[in-house]
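Each chain, letter by letter, is given below.
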Amino acid sequence: MPDSLTHGSTTTSAVLLATTPAGKLLSGDGTLFDRLNDQLTTLPVRDVHVVREGGLGADLRGVAAIARAAGGALALLPADLVAHTEALATVLEHPARGTCALVSLDAAATPTRPPLRVESGKVVTAGSSFHAVPEPNATFRGVLQAGEADLACLADVAEELAELADAGKLGPVTPVEAVDLLLVGLVRSGVAVRAASVGRLHADRVTGQLAADAAVARLAEVDEDEVKLDACVKEDDGFFATFFVSTWTRHLITYLVRFKVTPNAVTGFSVALALLAALWFSAGGQGARVVGALLLYLSFALDCLDGQLARYTRMFSPLGAWADGMGDRLKEYAVYVGLAIGYGVTGIWNLAAAAMILQVVRHAVDYTYAGAVADAGRVGAAWDRPARSLLESRDLRGSPPGVLRFAQRLERDTVARWLKKAIVLPIGERMALIAVTAALWNARVTFLALLGWGAVAVLYQLSGRIARSVR
């Protein structure tokens, strides 16, 4: 039976699969198993359950029993894993404590790095020595966490796999592949599995002492603190935010942490600066508009910084997300009002109202589509679980329609990818457009520019949403 160790008082537990032979390899004063267990003591993990059964079927049944008794998220880690603590933290410290897998966004699959297909931050196809993945673009790095809502599914999948393994229907698989097979089972059962990227950190499973020594040595080549700081900047942010804001705001994070400034406090400062910008815009003179433009730029910088600080400290909350979204709307519309007041001509209010309505429509398109996708996912998971047999050796996916295929081609070219991001007029580009046109010209030019670019963005968004919905 599994034995347990206590590591604190959070709602996350971990399962160490100690039947992998390489877990007994030496690492410093102990074994790889000891090293991994010591790392878990520094992370928000309540209990560590150790599966020592031996045999794939027995291991999987041990996991199923732990999953059915767990009271919160459950992480699965093979004892032959050599990883940076920060790599483990990307899964175990995420406040959502949802279902996710540690992945590397490369297609260099090996027996210890099963292939995956990742789309929009989710694992959509997972592989093992028994399950093939068409067009893989990532690899699994051994850490799998099941959120509390998916524990029953994890237990069902583990028991089904155990029966298949005992019946010899999975081919020559061994206990080493237990966590790989569980990921395959969860994905094929319709569970949404977030892909937590290892980035520049290392997380590798090893099979021999030389490989273990080399993997441990590679850990020292990376500065974990520097990687954590880099990771707090959104990889898929817009052009303006990436090159004109995040290049310097990231250097403020350690100071904010030192003075215990919270992300919500930074959001509040951002709103205050935007309201001051609106006040200066309302004065009407060019000098006042220049000051307003500068304040608006600083407000947007803080808007980026609050998210970076939240990712660095992992201080996410529904309140913070709501306040950030509402703050963005409040700041933008307050600036519209300030610009209209400062221009002083009655007709400008028609342009201001049109620009505001256009933004409302754009946000409605985004949020209703996201809600529809979430609802469809929940309905599909309820009706279609398990979505495919765990015995299927391939996961065939249809080709995307023309619009989506064109968009995917754009992603492969750096210049085209940035143009694709800019064409939808994200908030960074909008704030830059407002600041530049207001400072150099006037509010009428600002609103006309917003309406022209915004109209193109709406058409682009609608065509993409319709194409994805049809798919």
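Heads up: these notes are all about the structure in this document. Small disclaimer: the values here were computed from a predicted structure and weren't measured. (Residues numbered from 1 in each chain as written. Predicted model: local features only at pLDDT ≥ 70, side-chain atom pairs only at ≥ 80, totals over all residues. Heavy atoms only, no water.)

**Looking at the pattern of salt bridges**
Part 1 of the reasoning: Throughout the structure, instances matching the rule amount to 20 salt bridges.
Part 2 of the reasoning: Between Asp230 and Arg200 there is a salt bridge whose closest N-O contact spans 2.4 Å. Placement of the pair is Asp230 in helix α7 (residues 224-231) and Arg200 in the loop between β12 (194-197) and β13 (203-205), with a sequence separation of 30 residues.
Part 3 of the reasoning: By relative accessible area, Arg200 is classed as partly exposed at 49%.
Part 4 of the reasoning: With its nearest N and O atoms 3.8 Å apart, the salt bridge here joins Lys331 to Asp303. (Salt bridge = Lys/Arg side-chain N within 4 Å of Asp/Glu carboxyl O. Helix = DSSP H or I, 4+ residues; strand = E, 2+ residues; numbered from the N terminus. Buried < 20%, exposed > 50% of the residue type's maximum accessible area, 1.4 Å probe, protein only.)

**Observations concerning unusual backbone geometry**
Note: most residues except glycine have negative phi, and most peptide bonds are trans.
Part 1 of the reasoning: Even without being glycine, Arg97 reaches a positive phi, approximately 50 degrees.
Part 2 of the reasoning: Of note, Arg97 is situated in the loop between α3 (85-92) and β8 (100-104).
Part 3 of the reasoning: Judged by its relative accessible area of 21%, Arg97 is partly exposed.
Part 4 of the reasoning: Of note, Ser120 is a non-glycine position whose phi angle comes to about 50 degrees, a positive value.
Part 5 of the reasoning: Along the chain, Ser120 turns up in the loop between β9 (115-119) and β10 (122-126).

**Points about helix α1 (residues 32-41)**
Three or four residues apart is the spacing at which side chains of an α-helix point the same way, because the helix has 3.6 residues per turn.
Part 1 of the reasoning: Along α1, the residues that are buried comprise Leu32, Phe33, Leu36, Asn37, Gln39 and Leu40. The arc enclosing the buried residues of α1, seen along the axis, measures out at 155 degrees, which places them on a common side. (Arc of directions from axis to C-beta.)

**Here we look at the packing of helix α2 (residues 56-69) against helix α4 (residues 151-166)**
Part 1 of the reasoning: Viewed as axis vectors pointing N to C, α2 and α4 meet at an angle of 165 degrees, and their least axial separation amounts to 8 Å. Relative to α4, the element α2 lies roughly antiparallel. Crossing of α2 over α4 shows left-handed handedness. Of α4, the residues touching α2 (which contributes Leu56, Gly57, Leu60, Arg61, Ala64, Ala67 and Arg68) are Leu151, Ala152, Leu154, Ala155, Asp156, Ala158, Glu159, Leu161, Ala162, Glu163, Ala165 and Asp166.
Part 2 of the reasoning: Taken together, the residues of the contact of α2 with α4 break down into twelve nonpolar, one polar and six charged. (Axes fitted to C-alpha atoms, helices over the stretch in contact; angles between N-to-C directions. Parallel < 35°, antiparallel > 145°, perpendicular 65-115°, else oblique. Left-handed = near helix turned anticlockwise from the far one by under 90°. Contact = heavy atoms within 4.5 Å. Nonpolar A, V, L, I, M, F, W, Y, C, P; charged D, E, K, R; others polar.)

Such coordinate-based values are descriptive only and should not be taken to indicate function.
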